[in-house]
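Summary of the model geometry
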Amino acid sequence: MTPADLSRTVLHAVRRAVDEDALRAPVPARVRVERTRPGGSGDYACAVALQLAGPAALPALEVARILRERVAAEPGVGRVEITGPGFLSFTLDAPAESDRAVLAAVREQGLAYGHGDALRDEIHQFHHAREVRAAVTAQTVRRLLTAQGARVRTTCAEPPDPDWARLGVTVDAHGTPPVPLTGIRPVPAGATAGELLERLGPDAARWGLLRAAGHDRAALGPELLVQGEANPLFRVRYAHARARALTRGAAALGFTAEPAPYDESPTEPAAHGASPAAQAANAEPAATTAHDAAARPLLDLIADHPGVLLAGARHRAPDRVARQLEAVAHAFFDFHDSCPPLPAGDEKPSAAHRARLALAEAAGTVLAGGLSLLGIRAPEHL
């Protein structure tokens, strides 16, 4: 069960409680679940009971008890606890199946993994100055919102700079807006689009303009062009290129990715003389071993990616997406170095290699999709 699945499960429980007249409150449009913070209980937590307590005219603890019994009966949920004033904490059942579902979702949705329709009922109108950082930020926020189903229109106070087009920026209209619009006002870049393009090129310029939060000054120096680990943009793009290289390397060795549970249980040795099919069946339950502990942070980041995209859209914060990509790249290299997806020397491809490759490919897809939303290319080779 992915975080999005859990959110829908809790929302379904609220609807059931209302339909059964156990709860008299309006059903919210969405329910937010978050990964439990350090020291908390369970895998995920939700404050929906506190949200519904007022409209239902019931204590939050009573609302939580009504929802707990309905959520606990759903498949994939192992345990539901009530903590604090009425928070619901969820421990998911069969984490291996949850991991498999996440990787399957990435493979099925591709670059659109994390897109959805959570904001389908929203209409936004943004207005910004004739300034390059404001223009790039507004255009990227538009991408994020559109990816969540919202409708968005952007206008500029003056005719747009012709160089904006080389940064992928378009505006719907310019001049005084006919109605009050939401302003996009990050700290100005201190340079024109033409100057940034000449010094940095479109990809590094966009990363520099978007990586810092809007209230912080953007770092737009030559460090954005450094081809090394100290440059976060290079690290993100190199992680993507490395993931794609692993797929090519596996194809040359005659095997492909195959998602399997990350249950950290050791593989039982195949019986001597067993057929290849029997050996594969015997190996399948153990995609990784305890040596693959580095898989967990990467899997968690990939599972959290849809929530980060939605939060970036809601808060008009492309910097959240950039930081998520940096975290995915860092976890990818930790995983790659600890658990090589390709066999070495005379080693034969195994179920573990196929599972590791599936995780590496998913990371590459998440990185490419995130960069695309930021308007930055994800090269296959670096």
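Per chain, the residues get numbers from 1 upward, laid out in the order the sequence is written. Per-residue local features of the predicted model are confined to residues with pLDDT of at least 70, and side-chain atom pairs are confined, for both listing and counting, to 80 or more; whole-chain, interface and lining totals are unaffected and use all residues. Note that water and hydrogens are dropped before the side-chain values are worked out from all heavy atoms of the structure.

On a scale of 0 to 100, pLDDT captures the predictor's confidence in every residue. Put simply, the chain has an average pLDDT of 87, and 90% of its residues get 70 or more. Below a pLDDT of 50 lies the segment residues 263-291, which in the model reaches 37 contacts outside its immediate sequence neighbourhood of four places, other chains included. Residue contacts are counted whenever heavy atoms from the two residues lie within 4.5 Å of one another.

A few words on the sheet that holds strand β1 (residues 33-35). Strands are labelled as partners when DSSP assigns at least two bridges between them. Numbering of helices and strands starts at the N terminus; helices are DSSP runs of H or I of at least 4 residues and strands are runs of E of at least 2. Overall, antiparallel pairing links the four strands, which are arranged β1-β2-β4-β3 in an open sheet. Looking at strand neighbours, the two that pair on one side only are β1 and β3 (77-83), the edges of this open sheet. Recorded for the sheet is a direction-independent mean angle of 30° between the axes of neighbouring strands. Relative to strand β2 (residues 44-46), β1 runs antiparallel, the two being bridged by three bridges. The partner of Arg35 across the bridge, within β2, is Tyr44. Each axis is a line fitted through C-alpha atoms, taken for helices only over the stretch in contact, and angles between the N-to-C directions span 0 to 180 degrees.

The subject of this paragraph is the packing of aromatic side chains. What counts as a ring pair is set by centres within 6.5 Å for rings of Phe, Tyr and Trp (its six-membered ring), and what kind of pair is set by the plane angle: stacked under 30 degrees, edge-to-face over 60, tilted for all other angles. Taken as a whole, this structure holds three aromatic pairs when the rule is applied. Measuring from centroid to centroid gives 5.6 Å for Phe234 and Tyr238, while their planes differ by 5°, and the two rings are stacked. Residue Phe234 and its partner Tyr238 are located together in helix α7 (residues 232-253), separated by four residues, close to a single helical turn. Exposure remark for Phe234: the relative accessible area of 16% places this residue in the buried category. Each residue's exposure class comes from its accessible area (1.4 Å probe, protein chains only) as a fraction of the maximum for that residue type: buried when under 20%, exposed when over 50%, partly exposed otherwise. Using a relative accessible area of 36% as the deciding quantity, one classes Tyr238 as partly exposed. An angle of 20° between the planes, with centres 5.6 Å apart, marks the rings of Tyr238 and Phe333 as stacked. Of this pair, Tyr238 sits in helix α7 while Phe333 sits in helix α10 (residues 318-338); the two residues are 95 residues apart in sequence, bridging distant segments of the chain. Ring-pair connections join several aromatic residues into one group, and the members of that group are Phe234, Tyr238, Phe332 and Phe333.

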